[in-house]
Amino acid sequence: MRFLPHTDADRSAMLQTIGVKSAAELFADIPAQLHIKEGSLNLATALHEAGIVRKFTAAADANRHAGNTRCFLGGGTYHHFVPAVVDYVISRGEFLTAYTPYQPEISQGTLQTLFEFQTMVARLLNMDVANASMYDAATAVAEAALMARRITRRHRTVVATSVNPRYRAVTRNYLSWLDGEEIEVPCTGFATDLEALIAAIDDNTASVIVQYPDFYGSVYDLAPLREACDRHGALMVVSFGDVSAFGLIEAPGSFGADIVCGSGQALGIPMGFGGPHIGLFACRQKHVRQMPGRVCGMTEDADGRRGFVLTLSTREQHIRREKATSNICSNQGLMCTANATYMTLLGDAGLATVAQRSAAALAQLVAGLPAHVTAAGGARYNETVLSFESNAVRDRFLKLAEERAIFAGIPLEKIDPDASNEHLLVATTEMIEATDIADYLTALEASK
Amino acid sequence: MNDTRYSGVAGLMHEEPLLFERAHKAATSISLPGVEGDTPAALAGFARKQAAGIPGLSEPEAVRHFVRLSQWNHGIETGFYPLGSCTMKYNPRVHENLVRLPGLAHLHPDQPEATAQGALALLFELQEWLGEIAGLPHVTLQPAAGAHGELTGIMMIRAYHEARGDTKRRIVLVPDSAHGTNPASAALAGLATVEIKSGADGRIDLDELKAHLSDEVAAVMLTNPNTAGAFESEIVEICRLVHEAGGLVYGDGANLNALVGVARPGDMGIDCLHINVHKTFSTPHGGGGPGAGPVAVNEALAPFLPMPRIEKSGDHYHIVHEAANSIGPVFGSVGQVGVLLRAAAYIAAFGREHLHKIATDAVLNANYVLARLKDAYHVPFPGLCKHECLLTDEIQNHHGIKTLDIAKRLIDLGFHPMTVYFPLIVHGAMLIEPTETESKATLDHFCDAMLEIARDCEAGNVEALHEAPLMPVRRRLDETQAARKPVLVWQD
């Protein structure tokens, strides 16, 4: 077994040192009836390395993917370009195989990277501080709802239905075990209905949760929401699906958001069939002690040199136990390194280019739509909803597109159980070229 | 300080400034694909007014920056990592290649099911394997980490009681040796935690347990082997008592490495178990994550599993999103797929013939370390251990040396410290978990270092212990200052 270094002679010598005759004696404290017969588990037989490679390669080859199709899928996961350097950095054993940096003297690499990550995330979102990650966007939104309850000591959460239905479902689940209520405010025209949302805020409201750009790609002015939150003392929570937007459009923090959270997958992490991605989480400095998750801070060592440590740990489960701000322990550490490397390579200018091209691709697609398909209007970043005259036409198009190696969009009802079945959620990134748009439009034309 | 007997020597190490201390460049170093075109007019009114202030380094500078930072880290590839209850084992390199196969890395979670059958087949098989290994056949892959699995499990247990109309069960009993995540997870699920005191041997005290069982207890959360490295030999009776009182038993699978392929939590009477695949099944810790915490349950809890789940009908795999009694989703997708696939590859390498060798060598290694150190360090709970052994600093305290000093001295000698000050049931805990992937030579080297530290204490030769660590790029860091005035982002 190639991962086990001992020879039989090693094992014998070690058993002798321990003072037992056999390895079985080491398990004598487990009652006999609990021992399972060696080799009796219903698992596959062992594979050598070449066999594992063959098995996984065969499985991978059976899939279509964004590398051999044109991917217009979004809904919280996006096919952006990932520079090779990102993958190289996170493949380095010192980052990949390190534990949580509880011993800071020998973890300064991870810690300084986290500090840089936190700084860049806070800057991109225009917020005061960011933590060292949550599992994903959905759990980050749920944790934001909980954090707002702690800060305001109120138990009513208002959520716009233009927030990704999966974020809403996880948030609803987390809140359902606690006292209080969760109100979902419907939207119209595949955009956020700010008026209805504002009307739903009252003096018992802990937080209002929106998505910006929203689940349907709509971009809108958050200023009225800030005013309404101020009137009622509620916190404004802004989530997002594709963080690349903030290379182009105003960041949520510029509208005075109290908590900003969402997915950092767009920043150098492949789609990976749903994970591992990363949840970004930022807030105002004054609320930092109610923030969930790990956070890295700057300090000095015994010789007065700058260094970094995990800090504010009195919020966390290993110190505070049942009174912790969250139960989170393992987070998405390595994905922070991926995000930090990606942002470093792109800089402001690169991030702006990615966002600009992602948006331009959608605009070109929408401009070329044939008459039998309509796109949800208004300001959209890189995602919108296409509506067909019937489910039959839409599905005919999906089939045609798939034959032409195009993942043309996500049937809306697949993510949003409340949606009818003639819509398609369509997203673009800088990975979409002009020819891909042309092929898409040709397929649409043919589906009429 | 040039002690060549141990590997903790300083090499050519570079100071490396923060990104933000370098010149800010307007240009990007990356040539990007995409369509050339104007920004849509409708977005003009929302244009970002001020750039974020992300530095942007050239590719060679960026590589050197992060490579230098990486060299300030210790990793399992660098050296021994005897962290108790963390199971830092070798992470097979081939796994990194597998998850980067384009047909796995570039799948969108919502692409048509028919186009992702290969990935779904691997994940479904992993679900089956984990159920078999746990002795609890129904598995969700959704939870993103161990603590997330705990929360998921406790939610299911609460849903189970409530579905039976048994609504007053709002208490979770947790031994005082438990991981901090246990009470925190119970609280998130809206349940109150009551701590039960461990017995004199560090194990669950049956009388203490009985005294706390009632019709208000939803569950007992326990870790087996416990965090002192001891198997709860009365586990069958413990589960029987809890069940008799109407409660369920939640198993924290953090220590599954001691049992994998040897005994199954489900056979012991445990109803629900999370599995830290980043521990037992060797997925890299990544400096804190990502992990994954699949949860395996028995028939009684199966209806409450979170959605979506992967199911098989005929030759076709489906992602099923709805089920009548499901607690709902706990994560935005089917799970941390890349992490889960690495775990599947680890299990595949051992297979049914060899899987138990993970546990037998892990337990052998822990007992070997214990045997070599038990005379020099205080052993609070004597006897054989499972996959980790617990020592304390009681003997060294007489010389003014505490666990923290020993831990920091180990760094200078070339080792990552063990887990310190946990579990909380003993004073000055040092919890050592060597795992199955360490050689006898490495263990001997580590034990030699520990024995030398003990001898230095005896001899009053303690200056190096107080000063340690001297070798790494930084010495002891001021954590009090960091917490009092938190500086969490760089200000230009």
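Remember, predicted model here, so these are calculated numbers, not experimental data. (Residues numbered from 1 in each chain as written. Chains lettered and ligands numbered in written order. Predicted model: local features only at pLDDT ≥ 70, side-chain atom pairs only at ≥ 80, totals over all residues.)

Novice: It is not clear to me how the overall build of chain B should be interpreted in this structure. Could you clarify?
Specialist: Within chain B, the secondary structure is distributed over 16 helices and 12 strands. Projecting the C-alpha coordinates of chain B onto the three principal axes gives extents of approximately 75 × 65 × 50 Å. The proportion of buried residues among the 492 residues of chain B is 60%. Across chain B, every contact between residues at least 6 apart in sequence was considered, and the portion connecting residues at least 24 apart equals 72%. (Helix = DSSP H or I, 4+ residues; strand = E, 2+ residues; numbered from the N terminus. Buried ≥ 20, exposed ≤ 12 C-beta atoms within 10 Å, placed from the backbone. Contact = placed C-beta atoms within 7 Å.)

Novice: How do you make sense of the environment of B:L301 when you look at a structure like this?
Specialist: Residues and elements named next belong to chain B. Relative to the helices and strands, L301 is located in the loop between β7 (295-297) and β8 (309-313). Under the C-beta neighbour-count criterion, L301 is labelled buried, with 20 such atoms within 10 Å. In the structure, L301 is positioned 143 residues away from R158 in sequence and 10.0 Å away in space, judged by C-alpha atoms.

Novice: Would you mind going over the sheet that holds strand β14 (residues 410-411) of chain A with me for this structure?
Specialist: Two strands in a sheet stick together by hydrogen bonds in their backbones, pointing the same way (parallel) or opposite ways (antiparallel). Taking strand neighbours across the sheet as the criterion, the four strands line up as β11-β12-β15-β14 (chain A) in an open arrangement whose pairing is antiparallel. Single-partner strands in this sheet number two, and they are β11 (373-375) and β14 of chain A. (Pairing = 2+ DSSP bridges.)

Novice: Any chance you could explain the interface of chain B and chain A here in plain terms?
Specialist: Contact with chain B, which involves 173 residues of that partner, is made by 170 residues of chain A. Examining the composition of the side of chain B that touches chain A, we find that 12 residues originate from one element, helix α10 (residues 337-354) of chain B, more than from any other. Partitioned by chemical class, the residues of the side of chain B that touches chain A number 95 nonpolar, 52 polar and 26 charged. (Nonpolar A, V, L, I, M, F, W, Y, C, P; charged D, E, K, R; others polar.)

Novice: Looking at this structure, I do not really get the packing of helix α5 (residues 146-163) of chain B against helix α6 (residues 181-188) of chain B. What am I missing?
Specialist: A pair of packed helices is characterised by two quantities: the angle between their axes and the separation of those axes. All names here are of chain B. Look at α5 against α6: their axes get within 9 Å of each other, and the N-to-C directions meet at 45 degrees. Regarding the angle of α5 to α6, the classification is oblique. Crossing hand, α5 versus α6: right-handed. Residues G146, A147, E150, L151 and I154 of α5 pack against T181, N182, S185, A186 and L188 of α6. Here the residues of the contact of α5 with α6 are counted per class, giving five nonpolar, four polar and one charged. (Axes fitted to C-alpha atoms, helices over the stretch in contact; angles between N-to-C directions. Parallel < 35°, antiparallel > 145°, perpendicular 65-115°, else oblique. Left-handed = near helix turned anticlockwise from the far one by under 90°.)

Novice: What's the story with the nonpolar core in this structure? I'm lost.
Specialist: A general feature of soluble globular proteins is that nonpolar side chains tend to end up buried together. A:V208, A:A282, B:M156 and B:L340 are the most contacted members of the largest nonpolar core, which totals 326 residues. Per element, the largest residue contribution to this core is 20 residues, and it comes from helix α11 (residues 333-367) of chain A. Setting aside its immediate chain neighbours within four residues, A:V208 contacts A:V158, A:L197, A:I201, A:L225, A:C229, A:A234, A:M236 and A:V237. (Core = buried A, V, L, I, M, F, W, Y, C linked by C-beta atoms within 7 Å.)

Novice: In this structure, what is going on with the sheet that holds strand β4 (residues 181-185) of chain A? I would like to understand it.
Specialist: All names here are of chain A. Across the sheet, which stays open at both edges, the seven strands sit in the order β2-β8-β7-β6-β5-β3-β4 with mixed pairing between neighbours. Strands at the two margins of the open sheet, each flanked by one partner only, are β2 (129-130) and β4. Pairing of strand β6 (residues 235-240) with strand β7 (residues 259-263) involves four bridges; the strand directions are parallel. Among the inter-strand pairings, F240 is bridged to a residue of β7, identified as G262. This element, helix α6 (residues 137-152), spans β3 (156-160), β5 (205-211), β6, β7 and β8 (279-283) of the sheet and lies at about 165 degrees to β7.

Novice: Quick question: what am I supposed to make of helix α2 (residues 49-61) of chain A here?
Specialist: Every α-helix carries 3.6 residues per turn, so stepping three or four residues along brings you back to the same face. Between the first and last C-alpha of α2(A) there are 18 Å, a value that for 13 residues agrees with the 18 Å anticipated at 1.5 Å per step. For α2(A), the full list of buried residues reads A:I52, A:K55, A:F56, A:A59 and A:A60. For α2(A), the arc enclosing every buried residue in end-on projection is 130 degrees, short of the 170-degree limit, so these residues lie on one face. Exposed and oriented more than 90 degrees from the buried face of α2(A) are A:A50, A:R54, A:A58 and A:D61. Summarising the contacts, the buried residues of α2(A) are in contact with α2 (93-99), α3 (102-105), α4 (117-134) and α10 of chain B. (Expected span 1.5 Å × (residues − 1). Arc of directions from axis to C-beta.)

Novice: Quick question: what am I supposed to make of the environment of B:E96 here?
Specialist: Within the secondary structure layout, B:E96 lies in helix α2. As a C-alpha pair, B:E96 and B:V369 span 273 residues in sequence and 31 Å in three-dimensional space.

Novice: I would appreciate a short explanation of the pairing of β8(B) in the present structure.
Specialist: The side chains of a regular strand alternate, residue by residue, between the two faces of the sheet. All names here are of chain B. Pairing of β8 with strand β9 (residues 316-320), which is carried by five bridges, proceeds in the antiparallel orientation. Following the sheet pairing, K312 is matched in β9 by Y317. Hairpin remark: β8 followed by β9, antiparallel, with two residues in the connecting loop; positive phi at G314, about 65 degrees.

Novice: Help me understand unusual backbone geometry in this model?
Specialist: Among all residues save glycine, negative phi is the norm, and among peptide bonds the norm is trans. With omega at -5 degrees, the peptide bond leading from B:N224 into B:P225 counts as cis. Inspection of the secondary structure assignment puts B:P225 in the loop between β4 (217-223) and α8 (235-244). The residue after B:M307, namely B:P308, is reached through a cis peptide bond having omega 0 degrees. If you trace the backbone, B:P308 turns up in the loop between β7 and β8. One non-glycine residue with positive phi stands out, namely A:F190, at about 50 degrees. Relative to the helices and strands, A:F190 resides in the loop between β4 and α8 (194-199). A tally of 23 C-beta atoms within 10 Å means that A:F190 is categorised as buried. For A:A405, which is not glycine, the phi torsion reads 60 degrees and is therefore positive. As for its placement among the helices and strands, A:A405 is situated in the loop between α12 (391-403) and β13 (406-407). Taking the C-beta count within 10 Å as the criterion, A:A405 has 13 such neighbours and is therefore assigned partly exposed.

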